[in-house]
Amino acid sequence: MRPIEWVNGLVAWDEAAPDGPPGARGRLVLCASLAFGFLVAAFSGSTWQDAVETAQAVSGAVGFPAGNPVYLYHRKVYSLLVQVATGLLSAGFSEKTVSFFFSGLQGAFSFAALSMCAFGICRRPIPALAAPFVSLASFAYAFGNGYPIFMLGVGMTYGVIGLALLLLGVALVGADMPRTGAFVLGVLPGVHGALGLFGWVVLAALCVRRRRACAARLRTAWPFLLGGALIFFASFAAHRLSAPAGTGVAGESALKYYAAFLRNWDVHRQWLNLYSMTTVVGLLSLALCGLWLRAFRRDCPESAAVLFAVLLVSGVVGLSYAVLAHWVDPADLPRALTVLMPARFMNLNSLALAALLLGLLGRLSHRRLVPALTLVFLLQLALPFGRWLGLFQAEDHGRYVELVRRSAFVFMVATGLLLAALRGRTAQPAALPGRARGAARAVILVCTIIVLAGLWHAWSVRRSRCLLCVSPKEDAFWRQVGERPGVLITAHPMRTIQVRTRRPVLLNTESIDILSYCPEAGPTVQTILRTVYGVDLFEPPFSFAECRALWARRRPAEWRAIRRELGATDVLTYGDWPLQLPRVIGLAGRGGRAVWVLYHIPEGDVD
């Protein structure tokens with residue numbers, strides 16, 4: 001078959017029955033996007049996962065001493081993901097395998113959410129499958145409001161999967177697949193409580209506000225919603241029955257530590273810059289959703305109104321909290337409100353915006369504006385994909401990332417403004433005339449290339465980007481660290497040490513936000529910060545910058561006092577952190593220089 005015939009056949013298949021029931025085409029997009037996302041994330045972005053660390057403590061694979069703040073958090077936090085990870089560990093799977101699986105789930109649900117958003121609007125499989133690759137390559141998803149947005153490649157299991165599932169559930173309802181979407185939304189509170197309950201509240205409000213529109217779709221979907229909810233309730237009941245009684249201070253004594261954390265440490269619940277690109281992107285999403293709900297509703301499938309309505313509500317809630325945080329100290333707000341972090345609900349808009357724009361672009365039929373929007377689309381992709389595919393290198397990575405984000409921002413604003421001017425300019429894609437049909441073919445061909453290039457890129461960098469792919473020498477180092485007894489002190493910043501070594505960590509200094517969910521651990525956290533790191537929770541400005549010098553000056557007798565008080569036996573540092581302690585083992589990198597060093601805190605009173 002000649003290339004032109006292949007393209008024509010692909011266009012004909014892509015344009016077939018765009019406004020009919022999704023049927024097999026919708027299921028194909030869902031399954032293909034899940035598979036693509038899992039492969040891309042697992043083989044090019046897999047990393048150690050937070051849920052696996054908590055599963056280690058719950059399953060007993062890592063034994064913590066009583067009263068350890070990390071252990072208190074692990075036993076108190078609830079998520080269905082933790083229970084799944086605990087079951088896998090108990091079945092004999094390694095931490096690396098379980099982390100690989102959850103890393104793949106991050107990409108699978110993120111890709112599926114974006115693909116179904118685009119498919120629900122344009123009902124075209126090819127642009128829908130390209131939507132997550134476009135967002136991933138252009139950093140268009142990275143405009144996080146108060147909380148970072150990631151699609152894959154990070155250890156924050158709950159936030160990434162929770163946000164993706166919320167968008168996926170809403171997008172499935174908007175794509176005329178209400179049964180699957182209802183089940184996802186029903187089980188979502190078990191994955192992430194705040195995002196799941198938000199989804200329930202918004203859907204309930206829509207059912208009350210738009211009874212006729214929702215009744216027909218939910219008539220057959222409510223058993224699936226109930227089934228997902230029953231899984232959540234059963235999971236939560238099992239957690240409550242197995243969780244031990246809490247220890248530590250409670251009441252007002254605990255809340256003062258939480259308030260100190262909010263004022264001096266937290267970066268997710270403080271006031272937000274209302275003039276940043278992040279806020280403008282959120283406002284752009286709000287404007288598009290409002291326009292299509294009011295003025296252009298006939299230009300999209302009726303079911304897509306559910307998607308637009310949920311995004312409109314999430315944007316309003318997130319923006320309202322951002323404004324409120326400018327006038328009220330978050331520490332003075334109710335703890336239940338600050339723990340929810342309502343500003344992050346706008347992240348749903350930022351994550352979905354690129355897919356919305358691509359879906360709306362797939363429905364355009366205006367002869368002149370389709371090529372114009374296609375040109376803007378291709379120019380915006382040129383820089384990100386050139387760097388993403390390794391065609392050229394940037395000298396300053398940070399400056400490059402900012403440039404890409406600004407190009408994504410310009411693309412979204414320009415496309416949004418053009419789309420807002422198109423009232424009455426959209427129609428069924430099968431009716432595209434002349435040059436517009438040629439432009440549509442170009443869009444489909446480019447989207448096909450994007451999908452293939454994205455899969456090829458994920459395969460080509462599968463080892464260099466996979467943090468789980470370590471050398472035998474590094475694997476042996478972590479195994480030897482884990483075989484030693486006692487609690488481990490780690491330098492700052494260090495993450496995922498517990499999951500690598502199966503050894504209890506005294507405190508993860510990058511996760512002081514455990515006080516948001518476990519304020520009763522406040523006194524112990526304060527003791528550890530002051531005794532080990534020389535930092536005070538209540539006295540800003542705080543900084544770990546002098547921790548390295550403090551540890552270098554600390555004499556063996558002081559380390560032994562820390563061991564007697566806190567029960568720690570070893571200290572793990574970076575290679576350029578020399579300590580006055582016996583060196584146990586080190587891991588050398590390129591050039592023979594130490595990357596990691598493990599020191600031992602001896603017993604006794606003699607230097």
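None of the values given here were measured: they were computed from a predicted structure.

Draft legend 1. Main features of the packing of helix α24 (residues 522-533) against helix α26 (residues 556-566). Two elements in contact, α24 and α26, have axes whose closest approach is 11 Å; the angle formed by their N-to-C orientations is 165°. Judged by the angle between their axes, α24 and α26 are roughly antiparallel. In the crossing of α24 with α26, the sense of the turn from one axis to the other is left-handed. Residues T527, I528, T531 and V532 of α24 form the contact with α26, whose own contacting residues are I562, E565 and L566. Of the residues belonging to the contact of α24 with α26, the class tally is 4 nonpolar, 2 polar and 1 charged.

Draft legend 2. Inspection of the pairing of strand β2 (residues 568-574) at higher detail. The buried fraction of β2 is high, at 6 of 7 residues. Relative to β2, strand β1 (residues 487-490) is paired through 4 bridges, and the arrangement is parallel. Of the residues in β2, the one forming a bridge with T490 is L572.

Draft legend 3. View of the confidence of the model for the protein. Scored by pLDDT, the protein has a mean of 77; 71% of the residues are at 70 or more. Across the protein, the secondary-structure element scoring lowest on mean pLDDT is helix α18 (residues 369-388), at 52, and the one scoring highest is helix α5 (residues 80-90), at 93. Overall, residues 385-397 carries pLDDT values under 50, and its contacts beyond four positions in sequence, including any with other chains, amount to 21 contacts. Confidence drops under pLDDT 50 across residues 423-433; counting only partners more than four residues distant or on other chains, this segment forms 28 contacts.

Draft legend 4. Quick peek at α26. Looking only at α26, the buried set comprises P556, W559, R560, I562, R563 and L566. The arc that holds every buried residue of α26, seen down its axis, measures 155°, which confines them to one face. For α26, the exposed residues lying more than 90 degrees away from the buried face are R564 and E565. Tucked inside the fold, the buried residues of α26 contact β1, α24, α25 (547-553), β2 and β4 (594-600). Phi turns positive, to about 80°, at G567, one or two residues after α26.

Definitions and limits used
Residues numbered from 1 in each chain as written. Predicted model: local features only at pLDDT ≥ 70, side-chain atom pairs only at ≥ 80, totals over all residues. Heavy atoms only, no water. Axes fitted to C-alpha atoms, helices over the stretch in contact; angles between N-to-C directions. Helix = DSSP H or I, 4+ residues; strand = E, 2+ residues; numbered from the N terminus. Parallel < 35°, antiparallel > 145°, perpendicular 65-115°, else oblique. Left-handed = near helix turned anticlockwise from the far one by under 90°. Contact = heavy atoms within 4.5 Å. Nonpolar A, V, L, I, M, F, W, Y, C, P; charged D, E, K, R; others polar. Buried < 20%, exposed > 50% of the residue type's maximum accessible area, 1.4 Å probe, protein only. Pairing = 2+ DSSP bridges. pLDDT = per-residue confidence, 0-100. Arc of directions from axis to C-beta.

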